Amino acid sequence: MKNSYLADITRGIFKENPTFRLVLGMCPTLAVTVLVKNGLGMGLAVVAVLTCSNIVISSLRRFIPEQVRIPCYIVIIATFVSIVEMVLQAFVPSLYAALGVFVPLIVVNCIILGRAEAFAGKQPVLRSLCDGIGSGLGFTLGLLLLSLVREVFGNGTLLAETNYAVQLFGPNFEPMRLLAQPAGAFLVLGLLLALTNIVFKRLQIE
Amino acid sequence: MSDLKHLLKIILTLVVVTAVSAGLLAGANLLTAPIIARQQEEEYRAALQEYFPQAADYKRENLEGDAFDLVYDAAGGLLGVMASTAVQGYGGPISYNLAVDKEGRIVGLRIVEHSETQGVGDVIEKSQFQQQFIGKGYRDPLKPGEDVDTVSGATISTSSLIESIRSLLTVVAENFLQLEDEEAIDISAVPDGTYRGTGEGLFDKIVVDVTVAGGRITVIEIVEHSETPTYMAEAAALIPPQIIDQQSLDVDTKTGATGSSNGIVEAVRDALIRALNPEGGENNEE
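Model, not experiment: these values are computed from the prediction.

A. Highlighting the overall build of chain A. On a plain count of helices and strands, chain A comes out with nine helices and two strands. Per-residue burial over chain A gives 46% buried out of 206 residues. Sequence-distant contacts in chain A: of pairs separated by 6 or more residues, those separated by 24 or more amount to 76%.

B. Seen up close, the overall build of chain B. Counting its regular elements, chain B contains five helices and eight strands. Its helices and strands taken in sequence order, chain B reads α-β-β-β-β-β-α-α-β-β-β-α-α from the N to the C terminus. The buried share among the 286 residues of chain B stands at 30%. Contacts in chain B between residues at least 24 apart in sequence constitute 50% of all its contacts with a sequence separation of at least 6.

C. Quick look at the pairing of strand 2 (residues 66-72) of chain B. Residues and elements named next belong to chain B. As defined by bridge partners, strand 1 (residues 57-63) adjoins strand 2 across seven bridges and the pair is classed as antiparallel. Looking across to strand 2, one finds that Y58 is bridged to V71. A loop of two residues connects strand 1 with strand 2, the two strands running antiparallel in sequence, and E64 in this loop sits at a positive phi of about 50 degrees. Counting the residues in the hairpin turn of strand 2 and strand 3 (residues 78-88) gives five residues, including G76, whose phi is positive at 90 degrees.

D. Broad picture of the interface of chain B and chain A. Every contact between the two is made by 18 residues of chain B and, on the other side, 24 residues of chain A. In the side of chain B that touches chain A, the residues fall into eight nonpolar, nine polar and one charged.

E. Inspection of the sheet that holds strand 2 of chain B at higher detail. All names here are of chain B. Pairing is antiparallel in the open sheet, where five strands are placed in the order 1-2-3-4-5. Looking at which strands have only one partner, the edges of the open sheet turn out to be strand 1 and strand 5 (106-113). When strand polarity is set aside, the average angle formed by the axes of neighbouring strands in this sheet is 20 degrees. Where strand 2 lies against strand 3, six bridges are found, and the strand directions are antiparallel. Within strand 3, the residue paired with A67 across the bridge is S84. Taken strand by strand, helix 1 (residues 2-51) contacts strand 2, strand 3, strand 4 (93-101) and strand 5, and its axis lies near 165 degrees from that of strand 5. Strands strand 1, strand 2, strand 3, strand 4 and strand 5 of the sheet are contacted by helix 3 (residues 155-175), whose axis makes an angle of about 145 degrees with strand 3.

F. Main features of the nonpolar core. Counting 47 residues, the largest nonpolar core has A45(A), V49(A), I76(A), F80(A) and V84(A) as the members making the most contacts within it. Broken down by secondary-structure element, the contributors of at least two residues to this core are helix 3 (36-59), helix 4 (69-91), helix 5 (93-99), helix 6 (110-120), helix 7 (125-155) and helix 9 (182-203) of chain A. Excluding residues within four positions of it along the chain, A45(A) makes contact with V84(A), L88(A), V103(A) and I106(A). Y51(B), L79(B), M82(B) and A83(B) belong to the second-largest nonpolar core, a separate cluster that totals 32 residues.

G. The sheet that holds strand 6 (residues 193-200) of chain B, seen in detail. All names here are of chain B. Read from one edge to the other, the open sheet built from three strands follows the order 6-7-8, with strand pairing classed as antiparallel. The two strands at the open ends of the sheet, each matched to only one other strand, are strand 6 and strand 8 (216-224). Each neighbouring strand pair of the sheet contributes to a mean axis angle of 25 degrees, computed without reference to strand direction. By the bridge criterion, seven bridges tie strand 7 (residues 205-213) to strand 8 in an arrangement that is antiparallel. Bridge pairing in strand 8 places D209 opposite E221. With respect to the sheet, helix 5 (residues 258-276) is in contact with strand 6, strand 7 and strand 8, its orientation differing from that of strand 6 by roughly 135 degrees.

H. Inspection of helix 7 of chain A at higher detail. Residues and elements named next belong to chain A. End to end, helix 7 covers 42 Å across 31 residues, agreeing with the expected 45 Å (1.5 Å per residue, within 8%). Summarising burial for helix 7: 23 of the 31 residues are buried, a large majority. Of the residues trailing helix 7, G156 is marked for its positive phi of about 75 degrees.

I. Region of interest: the packing of helix 4 (residues 229-246) of chain B against helix 5 of chain B. Residue and element names in this part refer to chain B. The contact between helix 4 and helix 5 brings their axes to 9 Å, and the two run at 45 degrees. The angle between the axes of helix 4 and helix 5 places the two elements in the oblique class. Crossing hand, helix 4 versus helix 5: right-handed. Here Y231, M232, A235, L238, I239, P240 and I243 of helix 4 lie close against helix 5, whose contacting residues are S260, S261, I264, V265 and V268. Here the contact of helix 4 with helix 5 is built from residues that sort into ten nonpolar, two polar and no charged.

J. Spotlight on unusual backbone geometry. Residues and elements named next belong to chain B. Despite not being glycine, E64 has its phi angle at roughly 50 degrees, a positive value. By the secondary structure assignment, E64 is in the loop between strand 1 and strand 2. Despite not being glycine, Q247 shows a phi value in the positive range, around 50 degrees. Along the polypeptide, Q247 turns up in the loop between helix 4 and helix 5. Judged by C-beta crowding, with 11 C-beta atoms within 10 Å, Q247 ranks as exposed.

Criteria and cut-off values
Residues numbered from 1 in each chain as written. Chains lettered and ligands numbered in written order. Predicted model: local features only at pLDDT ≥ 70, side-chain atom pairs only at ≥ 80, totals over all residues. Helix = DSSP H or I, 4+ residues; strand = E, 2+ residues; numbered from the N terminus. Buried ≥ 20, exposed ≤ 12 C-beta atoms within 10 Å, placed from the backbone. Contact = placed C-beta atoms within 7 Å. Pairing = 2+ DSSP bridges. Nonpolar A, V, L, I, M, F, W, Y, C, P; charged D, E, K, R; others polar. Axes fitted to C-alpha atoms, helices over the stretch in contact; angles between N-to-C directions. Core = buried A, V, L, I, M, F, W, Y, C linked by C-beta atoms within 7 Å. Expected span 1.5 Å × (residues − 1). Parallel < 35°, antiparallel > 145°, perpendicular 65-115°, else oblique. Left-handed = near helix turned anticlockwise from the far one by under 90°.

Following this line, the structure appears as structure tokens:
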């Protein structure tokens, strides 16, 4: 049985990676990944919301009538998002300021509702917990990769706006501003998708 | 019957879910609201201390919905004013603090909250943009393209902020720092001679010749004007004698010919400024 829990976690990270395999939740993926700090912060916020909502939805799956399950899911998700938002504002105000409107938008992030509908609404609590962690980490991984590329080339820094900020190139380095713009997000995402497709094909994970 | 039961179950489920949710949110808010408020207060104080390192005390005043903190040093001397206001930007209100020293110069600008577009309008947060305001005084034009720059692509975000800063600075200077709108001129420093100056009357420019002798204005002669003759006669009879009498430009121009009167004062001021700076007066040939 242990293996099945582990499989629930790894499935979300690799085989059903929300960013690269399912291509879900693109709005925050494209919007906040200007800096690694923002991408990571957003990813972890989603991990928290997704795990909590998966647990609650899974444990309530026998009580929620079929017809109103979506509104119930949304209310549950929105509750956790609002709590995460308040916690961020109280304890990590700089991250809260950087993520801006995309924190409340986690409510409509397709991954969360998608996992609730496809998994947590049918599976037992522990497996849903694992699925939430896995999918959340997979999403975080996607955001991390995207923001890494965009920050390094679009901003010339690493971990900017944190205590570990590094200026990667000399003062004459002219960053590719395009990558920090929304259009650059699409370009980088497309390239990363192509890259992961090749990798998955080679590894025959399909 | 079972239909009704099912309906009741649906309603009950929704009620319970939303009620529990509301309860949780209220609890979370109860726990975090004081922390958030304290944090914002701390950030504000830290900024205030940064802009006014000698600040020891401050007194809050409210004017037209904006908060103004009069900042004092340990001896009770006024150091400046930290103003808080909000202006409509592109994506919503931009709330910010403006720190002004007692000479009416901007010493700090701090964006508190905004909803401008990520990666575009949020340049208002960047020090590169904010730095251009530091050191600007209430007499500076603060006009986009003149002494401050908007950021192309983010014109609305930046120009609305610039405009708001300009008017806030004027409010601070006039209401809390009691700074005169214009520079006082030290007439006694003007060398003897006759100087020509121009001012804007009601219709066109007014040209005057001002004669200074022994550090005093002795003669003000109106050389040229396009004002209504009767009004101009009134203004010319009232204003120059007052200026000569008081040796000050701070005269009462509410004469019934206010436009012409203001024009004369402006022209005299211009002449004196030219006298003091022979290299380049305010209204130099352009």
